[in-house]
Amino acid sequence: MKVGIVVPYSWSFWGGVQEHADHQARALRDLGVEVKILMGHDPPGRLTKLLHPKEGRHTRPPEYVIPVGRSVIVPANASLPNLILSPPAMLRMKRVFAEERFDVIHVHEPFAPILSAFALAIADCPLVATCHAAGEDLGWYPYGYRMWGLLMKRIDHRIAVSESARRGAEAYVGGPIEVIPNGIFLPNSFDPGGRNGNVVFIGRNERRKGLEVLLRAWPAVAVESEARLRVVGADPLSVRWLARRQGLSLERVDLLGGLSEDGLTAELSSASLLAAPALGGESFGMVLTRAFATATPAVASAIEGYAAVADESSAVLVPPGDPDALGKALGELLEDEPRRAALGAGARKVAEQYSWDRIARRLVEIYEQLSVGATDERAAA
């Protein structure tokens, strides 16, 4: 079986959907499925620096990724995703479809311009779509629905990564929609104890990720402990500007920028806690399950996307946007090692529910059912 995965974003600027699709491809390949990802790529150079002020990862994509064009920044859902909008990218994708002759096309974020919608329009094989967005602001859903909503009828199987994402998508994508969560790869070994006392934050420097809330909470934590805050994924220069504008201290704060997957696993495996202070708009607690896989518990905002993943066995949930509550919970857990380690063990048990091996097998079942149906239709014709 040959599956094409379409992602409307750029490989060079990492985000939850890109990571989901990359892990999806790797898990499917482990099951013997031939997979290619079609997405953007912004190689290093003057033009990329001009179009993208934030730091990216400009290493060559793996061989199963087919770059189709450069990206531009388009504000959506309180975020700044890097979308591929150029007509040459569409022509490139059309040629790839013709050359690869996929058995199934799996489109992520079907309303995102422009690769996702174009894939729905031109694919001549069964179509699967996964919806990721959630919250009150669904970005381009309303606009995309007006422009290419009729294409949603071409989707053969609809997926959402969470119940909140399903609710948000149903009015636009139609139904039924199956909830299949974001998956994670589980390290073979883990130890919830023996940690270094540090706290990790993972995310871009965007308001909805709550980094400013965490930086306001951090001085109280730093006074009461020897912990360091390790900020992963946010552009260091933008964080320094944020701190300067808001008068925030970066004492005992390490700005790590983007890390490789192995580097992030190592960081989480040694950390005592994950801080996830998002204000909303998170359809699924992907950063939580990423930490939970390494037996690292979390202090997280009590938003729907996080509360659907975390419980009292794996995390402490606090009101979103409340730096005092966030700092208090972080400090208490750092001081109470037995409780913190117990939450770490519970976090790993939660993570095992989201193993990519289990999720990929369900995807293969869907693809096989659609492929058999398409073959039967062609035979009858």
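Note that the structure is a prediction, hence the values are computed from the model and not measured.

Criteria and thresholds
Residues numbered from 1 in each chain as written. Predicted model: local features only at pLDDT ≥ 70, side-chain atom pairs only at ≥ 80, totals over all residues. Heavy atoms only, no water. Helix = DSSP H or I, 4+ residues; strand = E, 2+ residues; numbered from the N terminus. Expected span 1.5 Å × (residues − 1). Bend = angle between axes of the 7 residues up to and from the residue. Buried < 20%, exposed > 50% of the residue type's maximum accessible area, 1.4 Å probe, protein only. Contact = heavy atoms within 4.5 Å. Pairing = 2+ DSSP bridges. Axes fitted to C-alpha atoms, helices over the stretch in contact; angles between N-to-C directions. Right-handed = clockwise from strand over helix to strand, strands pointing away. Phe/Tyr/Trp six-rings, centres within 6.5 Å; stacked < 30°, edge-to-face > 60°. Left-handed = near helix turned anticlockwise from the far one by under 90°. Nonpolar A, V, L, I, M, F, W, Y, C, P; charged D, E, K, R; others polar. Salt bridge = Lys/Arg side-chain N within 4 Å of Asp/Glu carboxyl O. Core = buried A, V, L, I, M, F, W, Y, C linked by side-chain atoms within 4.5 Å.

A. Structural context of helix H7 (residues 211-224). Relative to the 20 Å expected for 14 residues at 1.5 Å per residue, H7 spans 20 Å between its end C-alpha atoms, a close match to the ideal helical length. The largest bend along H7 reaches roughly 35° and is located at tryptophan 218, with the proline proline 219 sitting one to four residues downstream. All of the buried residues in H7 are Leu211, Val213, Leu214, Leu215, Ala217, Trp218, Val221 and Ala222. If you follow the buried residues of H7, they end up packed against strand S10 (199-202), strand S11 (229-232), helix H8 (236-246), strand S12 (253-257), strand S13 (273-276) and helix H12 (323-335).

B. Inspection of the sheet that holds S11 at higher detail. The parallel open sheet is built from six strands, whose spatial order is S12-S11-S10-S13-S14-S15. Both outer strands of the open sheet, S12 and strand S15 (315-318), are each paired with one neighbouring strand and no more. Sheet twist, expressed as the average angle between the axes of neighbouring strands with direction ignored, equals 20°. Packed onto the sheet, helix H9 (residues 261-270) meets S10, S11, S12 and S13 and runs at close to 145° relative to S10. Contacting S10, S13, strand S14 (298-301) and S15, H12 crosses the sheet at an angle of about 160° to S15.

C. Just the environment of alanine 291, in detail. Along the chain, alanine 291 turns up in helix H10 (residues 286-292). If we ignore the near neighbours within four places in the chain, the residues touching alanine 291 are Leu268, Leu274 and Thr296.

D. Summary view of the pairing of S14. Across three bridges, S13 lies against S14 in parallel orientation. Across the sheet, the residue bridging to alanine 276 is alanine 300, located in S14. The handedness of the S13 to S14 crossover, carried by H10, is right-handed. Taken together, the four bridges between S14 and S15 define a ladder with parallel strand orientation. Its bridge partner being in S15, serine 301 is matched across the sheet by valine 318.

E. Summary view of the packing of aromatic side chains. Summed over the entire model, instances satisfying the criterion amount to five aromatic pairs. Centroid distance phenylalanine 111 to tyrosine 145: 6.4 Å. Interplanar angle 65°. Geometry classified as edge-to-face. Of this pair, phenylalanine 111 sits in the loop between strand S6 (104-108) and helix H4 (115-122) while tyrosine 145 sits in helix H5 (residues 141-148), placing them 34 residues apart in sequence. With 6.2 Å between their ring centres and 80° between their planes, phenylalanine 111 and tyrosine 172 make a pair best called edge-to-face. In this pair, phenylalanine 111 sits in the loop between S6 and H4 while tyrosine 172 sits in helix H6 (residues 163-173), placing the two residues 61 residues apart along the sequence. Take tyrosine 172: its relative accessible area is 23%, and that puts it in the partly exposed class. Three or more aromatic residues joined by ring pairs form one cluster here, namely Phe111, Tyr145 and Tyr172.

F. The arrangement of the packing of H7 against H12 in detail. Running from N to C, H7 and H12 point in directions that differ by 40°, and their axes come no closer than 8 Å. Considering only the axes of H7 and H12, their crossing is right-handed. Along its contact with H7, which presents Val213, Leu214, Arg216, Ala217, Val221 and Glu224, the element H12 presents Pro323, Leu326, Gly327, Leu330, Gly331, Leu334 and Glu335. Across the contact of H7 with H12, the residue classes break down as eight nonpolar, two polar and three charged.

G. The arrangement of the pattern of salt bridges in detail. Taken as a whole and assessed by the stated rule, the structure comprises 23 salt bridges. Taking the shortest distance from any N to any O, the salt bridge between arginine 26 and glutamate 261 comes out at 2.7 Å. Here arginine 26 is found in helix H1 (residues 16-30), whereas its partner glutamate 261 is found in helix H9, with 235 residues between them in sequence. We classify arginine 26 as partly exposed; its relative accessible area is 24%. With a relative accessible area of 28%, glutamate 261 lands in the partly exposed category.

H. View of the nonpolar core. In terms of nonpolar packing, the biggest core is built from 95 residues, with Phe97, Ile105, Leu274, Leu288 and Phe292 touching the most fellow members. Sort the elements by how many residues they give to this core and helix H14 (residues 356-380) lands first, with eight residues. Beyond its immediate stretch of four places on either side in the chain, phenylalanine 292 contacts Pro297, Ala298, Val309, Ala310, Ser314, Ala315, Ala347, Arg348, Val350 and Ala351. Listed in part, the 31 residues of the second largest apolar core include Ala222, Leu248, Val299 and Leu326.

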